[in-house]
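# Geometric and topological summary
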Amino acid sequence: RYVSMLRIAAVLFLLVCAINYINLWIARAEQRPQENGIRQAIGSSRLQLASQFIIENLVHCSLAILLSILLVKLLQPVLGKFLGEELQITSHERLNVMLITGAGCLLLILASTVYPIRILPRIKPAIAIKGTVINLREGLGIWKSLIGFQIIVATTLITAALIIHRQLKFIQVKSQGYDAERLLNISLLSDDSQQNYERLKNELLQYPQVKSVSAVSHLLGGTLYQSGYILQTAKRERETVMWQRIHVDHDFCKTYGIKIAAGRDFSRDRIADTTNFIINEAACRNLGLSTVEAIGTIVEYDNGLRGEVIGVMNDFHFKTLHTPIEPLIIHIVPNRFRMLTVNADFADFNKTLEWIKNKWIEFDPSSPLVYTSYDHLNDRNYSLEKKFEKLVMLFTIIVFLLSSAGLVGLNIYIVNLKRREIGIRKVLGAQITSLLLTLSVPFAWITLIAFILSVPISVYSLNLWLSGFAYRVDLSVSLFLFTGILLFIVCMASIAIPLIRAALENPVRTLRDN
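Residues numbered from 1 in each chain as written. Predicted model: local features only at pLDDT ≥ 70, side-chain atom pairs only at ≥ 80, totals over all residues. Heavy atoms only, no water.

## Comments concerning the nonpolar core
Our working definition: The term nonpolar core refers to a set of buried residues drawn from Ala, Val, Leu, Ile, Met, Phe, Trp, Tyr and Cys, joined through side-chain atoms within 4.5 Å. Exposure is judged per residue with a 1.4 Å probe applied to protein chains only, and the accessible area is read against the type maximum: over 50% gives exposed, under 20% gives buried, and values in between give partly exposed. We count a stretch as a helix when DSSP gives it H or I for four or more residues in a row; a strand needs E for two or more, and each element gets its number in order from the N terminus. By definition, residues are in contact when any of their heavy atoms lie within 4.5 Å.
Ile151, Val399, Ile422 and Phe443 are the most contacted members of the largest nonpolar core, which has 32 residues in total. Looking at this core, the elements that each hand over two or more residues are helix 1 (2–30), helix 6 (137–173), helix 14 (383–417), helix 16 (432–466) and helix 17 (477–503). If near-sequence neighbours (up to four positions away) are discounted, Ile151 is found in contact with Leu407, Ile446, Thr447, Ala450, Leu487 and Cys491. In terms of nonpolar packing, the next biggest core, distinct from the first, is built from 25 residues, Phe252, Ile258, Phe318 and Ile330 among them.

Here's what the structure looks like:
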C-alpha cells in the first residue's frame, strides 16, 4: 500500500514539474510573435516552426536528464541518510527508470509543443512583426486549468502531510495501557540463562532504581502466538477458542503496571495459580460475559490440563495500533520464558544500564546482553510510517514551492497583459484596492474550485491510509479549512504582488508603451 501511494505521489510530483515547464513554454511562446512573424514572412512553414520548438524542447530535456543523473548520484546517500536506509538501484530498476524517463520526456515535448504549433501560425505576420504581446484566450484558459490542477495536488499533499503527522503524534501520546516508558526487556539467549532466570531476577531487584522484574515468553508489540483453549462457563456450553497468549510469571501485571478489573492477580501463596489463568476484557467481550461473570471459567489446554480464570485485567495494546485489542490469556509456564522485563526508574538511564550490564556479565558471561526498551520497540514498529511521513513531507514542500512559482509566473504574465486596462482604470480614478478586487476574482474562483475538487480526493486517499490503523485520528473540518485558507492566502499574494507593482506605475507611461 505504501509503495503504491508513493508511486502516485511521485507521478503527481512529476506532473506538477511538467505543468510548470509547459506553463513557461506557453508564456514564452505567446511573447514570441515577432520572431515567428518574421519567420513566416520569409517563408517558414508550420513544419519548420514545429521543428524549431521540438529541437529547443529536446535540448532542454536532454540537459535536464544529464543534470538529474548527476543529482541522483549526489543525493542518493543524502536521501538514504534522511530515510535511515541504504538506497540501492539495481540494473533492472535503472533500465526501467531510463525507459520511463525517456517516455516522459517525449510526452513533455509533445505537450509543450502542441500549443505553439496550433496557435502561433494563426497570427498574421503583419501583426506579429509589430512585436505586440498577443492575448490568446485559449492559452490563458489552458494555463488556468493547469494551475488549478497544481492547486488540487498541493492541497491534497498538504492535507495528507498534516494528517499523517497528526496520526503519528497520536500514536506517540496514546496510552498503551501499561508502563511502556519504564520498561526494559532483556533477552535470555542461552538455555542456562532461561533455566536460572530467577537468580538474575533477584540480583536485579537489589538495585534501588528497579521496581519490579517479570519473566515472559514474548515481547509486547511483537508477534504473539495463538493457542486453542476449551472453556466451560456456568452460562455457556463447552467451546473452543483461539486466543492470543503470553506465558508469564507471578509478577507480570505488577511489572507492566496493568490493573486487575475483576478477580485477583497471580499469587505465590497459592500453588494452584501455576495452572490458573488471567484474561483481558476483550476476552470477556468475546465470550459475551461481564468481567465478574468471567471469574471461575474453567479452562482446559495441553491435552487435558485444567485451570480456571482467577482474574480479568484491563485491556492494553500488546500489539501495534494497526490492529484492535484481541482476546488475550496469560498463564505461568516457566520453561517457556525467553526474556526478563525490568520496570525501573530510568532517570539516569546510562548508570542503571551499566549496573545491569555488570550483573549480566556475572550471570551469563558467555552471552552478550541484548536489551530493548519498549519506547525503542514502539519506534521500530512505526518506522515505516515515519519514513512515509518524511517522503510525503518532502514531496509536499517541493510541490508547494513549484505550485507557488507557477502561480507567480502566471500572474506576472496576466498582469503584463492587463497593463493597458490597469492604466485606463487608474486614469478613470480607480484605487489600488478596487483593482486588486476586480483582477483577483478569477483566481479566487480557480482556488475555490480546485480546493472543492481536492476535498473528496483527500478524504478518499487519507481514509485508505488510515484504514491500516484500528486506532486513528479523525478527518476534521478544521484541517481542510486550514489548508484551504493557507492556499487562498498564497494565491492571493501571488496576484497581489505583481498587481500592486503594475498599479504603482505611471498610467501615462503604461498607456504610451501599450
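Still to come is the rest of the account.
## As for the layout of surface pockets
We apply this condition: Space inside and on the surface of the protein is sampled on a 1 Å grid over the protein atoms alone, with a cavity defined as a set of points where a 1.4 Å probe fits but cannot get out and a pocket as an open set with protein on both sides within 12 Å along at least 5 of 7 lines; lining residues have an atom within 4 Å of a point. Grid points are joined across faces, edges and corners, and a volume is the space filled by probe spheres set on the points. Gly is placed with the polar residues, together with every amino acid not listed as nonpolar (Ala, Val, Leu, Ile, Met, Phe, Trp, Tyr, Cys and Pro) or charged (Asp, Glu, Lys and Arg).
Here the second largest pocket defines a volume of roughly 390 Å³. In this structure, the second largest pocket is lined by 20 residues; those nearest its centre are Met5, Ile8, Leu12, Thr156 and Ser461. When residues of the lining of the second largest pocket are traced back to their parent elements, those giving at least two are helix 1, helix 6, helix 14 and helix 16. At seven residues, helix 6 tops the list of elements feeding residues into the lining of the second largest pocket. For the lining of the second largest pocket, the residue count by class is 18 nonpolar, two polar and no charged.

## Quick notes on the side chain of Thr352
Within the fold, Thr352 resides in helix 12 (residues 349–363). We classify Thr352 as buried; its relative accessible area is 1%. In contact with Thr352, other than residues within four places in its own chain, are Tyr207, Gln209, Asp345 and Phe346.

## Concerning the packing of helix 13 (residues 374–381) against helix 14
Applied cut-off: Angles shown run from 0 to 180 degrees and are taken between the N-to-C directions of axes, each axis being a line fitted to C-alpha atoms and, for helices, limited to the stretch in contact. Angle categories are assigned with fixed cut-offs, so that under 35 degrees is roughly parallel, over 145 is roughly antiparallel, 65 to 115 is roughly perpendicular, and the rest are oblique.
Between helix 13 and helix 14, the least distance of the axes is 4 Å, while the angle of their chain directions is 55 degrees. In terms of their interaxial angle, helix 13 and helix 14 are classed as oblique. Between helix 13 and helix 14, the residues in contact are Asp379, Arg380 and Asn381 and Ser383, Glu385 and Lys386, respectively. When grouped by side-chain class, the residues that make up the contact of helix 13 with helix 14 number no nonpolar, two polar and four charged.

## As for the packing of helix 14 against helix 17
Each pair of packed helices gets described by two things: the angle between the helix axes and the distance between those axes. Operational definition: Crossing chirality is assigned from the near helix's rotation relative to the far helix, an anticlockwise turn below a right angle marking it left-handed and a clockwise turn marking it right-handed.
Relative orientation of the contacting elements helix 14 and helix 17 amounts to 35 degrees, with a least axis distance of 9 Å. Relative to helix 17, the crossing made by helix 14 is right-handed. Seen from helix 14, the contacting residues are Phe400, Ser404, Leu407, Val408, Asn411, Ile412 and Val415; seen from helix 17, they are Leu487, Val490, Cys491, Ser494, Ile495, Pro498, Leu499 and Ala502. Grouping the constituent residues of the contact of helix 14 with helix 17 by class yields 12 nonpolar, three polar and no charged.

## Brief notes about the sheet that holds strand 2 (residues 210–216)
The line we're drawing: Being paired, for any two strands, means DSSP has found at least two bridges between them.
Spatially, four strands are ordered 2-10-1-11 in an open sheet, and the strand pairing comes out antiparallel. Every interior strand has two partners, whereas the edge strands, strand 2 and strand 11 (371–373), have only one. Across this sheet, the average inter-strand angle for adjacent strands is 20 degrees, counted without regard to direction. Where strand 2 meets strand 10 (residues 339–344), six bridges bridge the pair, whose relative direction is antiparallel.

## Some points on the packing of aromatic side chains
Rule in force here: Here a pair means two rings of Phe, Tyr or Trp (six-membered ring of Trp) with centres within 6.5 Å. Their orientation is stacked below 30 degrees between planes, edge-to-face above 60, and tilted elsewhere.
Within this structure, the stated rule accounts for 13 aromatic pairs. Each member of the aromatic cluster is reached from another via a ring pair, and the members are Tyr178, Phe252, Tyr256, Phe316 and Phe318.

## Notes on empty space enclosed by the protein
Following the criterion strictly, the structure yields four cavities of 30 Å³ or more and no others. Roughly 100 Å³ of internal volume is contained in the largest cavity. Along its surface, the largest cavity is lined by 13 residues, and Gln176, Tyr178, Gly221, Asn378 and Asn381 are the ones closest to its centre. For the lining of the largest cavity, a count of residues per class yields six nonpolar, six polar and one charged.

## Regarding the pattern of salt bridges
The cut-off we apply is this: Definition used for salt bridges: Asp or Glu carboxyl oxygen within 4 Å of a side-chain nitrogen of Lys or Arg.
Throughout the structure, instances matching the rule amount to 10 salt bridges. Salt-bridge contacts for Arg264 lead to Asp273; the nearest nitrogen and oxygen are separated by 2.7 Å. By relative accessible area, which is 0% here, Asp273 ends up buried. Between Lys359 and Glu362 there is a salt bridge, and its shortest N-O distance comes to 4.0 Å. Here Glu362 and Lys359 lie together in helix 12, a separation of three residues that amounts to about one turn. Taking the relative accessible area as the measure of exposure, Glu362 reaches 56% and is therefore exposed. Where salt bridges share partners, they join Lys201, Asp249, Asp251 and Arg268 into one cluster.

## What to know about helix 12
Going by this rule: Here the expected span of a helix is defined as 1.5 Å times the quantity of residues minus one. The directions considered for the arc run from the helix axis to the C-beta atoms.
Spanning 15 residues, helix 12 covers 21 Å between terminal C-alpha atoms, matching the ideal 21 Å at 1.5 Å per step. Taken as a whole, helix 12 has its buried residues at Thr352, Leu353, Trp355, Ile356, Lys359, Trp360 and Phe363. One side of helix 12 carries all its buried residues, which in axial view fall inside an arc of 160 degrees. Exposed residues lying more than 90 degrees from the buried face of helix 12 are Asn350, Lys351, Ile361 and Glu362. Those residues of helix 12 that are buried are in contact with strand 1 (183–187), helix 7 (191–195), helix 8 (197–204) and strand 11.

## Describing a nonpolar patch on the surface
Let me state the cut-off plainly: Patch definition: residues with relative accessible area over 30% and no salt bridge; like charges joined within 9 Å; nonpolar side chains (Val, Leu, Ile, Met, Phe, Trp, Tyr) joined within 5 Å. Here the Shrake-Rupley method, with its probe set to 1.4 Å, supplies the accessible areas, and only the displayed protein chains count as covering residues.
A contiguous nonpolar surface patch, about 560 Å² in accessible area, is contributed by Leu67, Leu70, Leu71, Leu74, Leu75 and Val78. With respect to the secondary-structure elements, Leu70 resides in helix 3 (residues 46–83). With a relative accessible area of 48%, Leu70 lands in the partly exposed category.

## A short note on the pairing of strand 9 (residues 328–331)
Burial along strand 9 is two-sided: the residues Leu328 and Ile330 and Ile329 and His331 are all buried. The sheet contact formed by strand 4 (residues 239–247) and strand 9 spans four bridges and is parallel. By the bridge assignment for strand 9, His247 is matched with His331. Bridge count for strand 6 (residues 277–280) against strand 9 is two bridges, and the pairing is antiparallel. The residue bridging Ile278 from the neighbouring strand is Ile330, located in strand 9.

## Regarding the environment of Glu300
Basically, it comes down to this: Polar contacts, as used here, are pairs of N or O atoms within 3.5 Å; protein pairs need one atom able to donate a hydrogen and one able to accept it. Residues neighboring in sequence count only if both atoms are side-chain atoms.
Mapping Glu300 onto the fold places it in strand 7 (residues 298–301). In this structure Glu300 comes out as buried when scored by relative accessible area, which is 17%. Considered as a pair, Glu300 and Leu231 are 69 residues apart in the sequence and their alpha carbons are 6.5 Å apart. Setting aside residues no more than four positions away along its own chain, Glu300 makes contact with Tyr229, Ile230, Arg238, Leu305 and Arg306. A polar contact of 2.8 Å, which involves the side chain of Glu300, links it to the side chain of Arg306.

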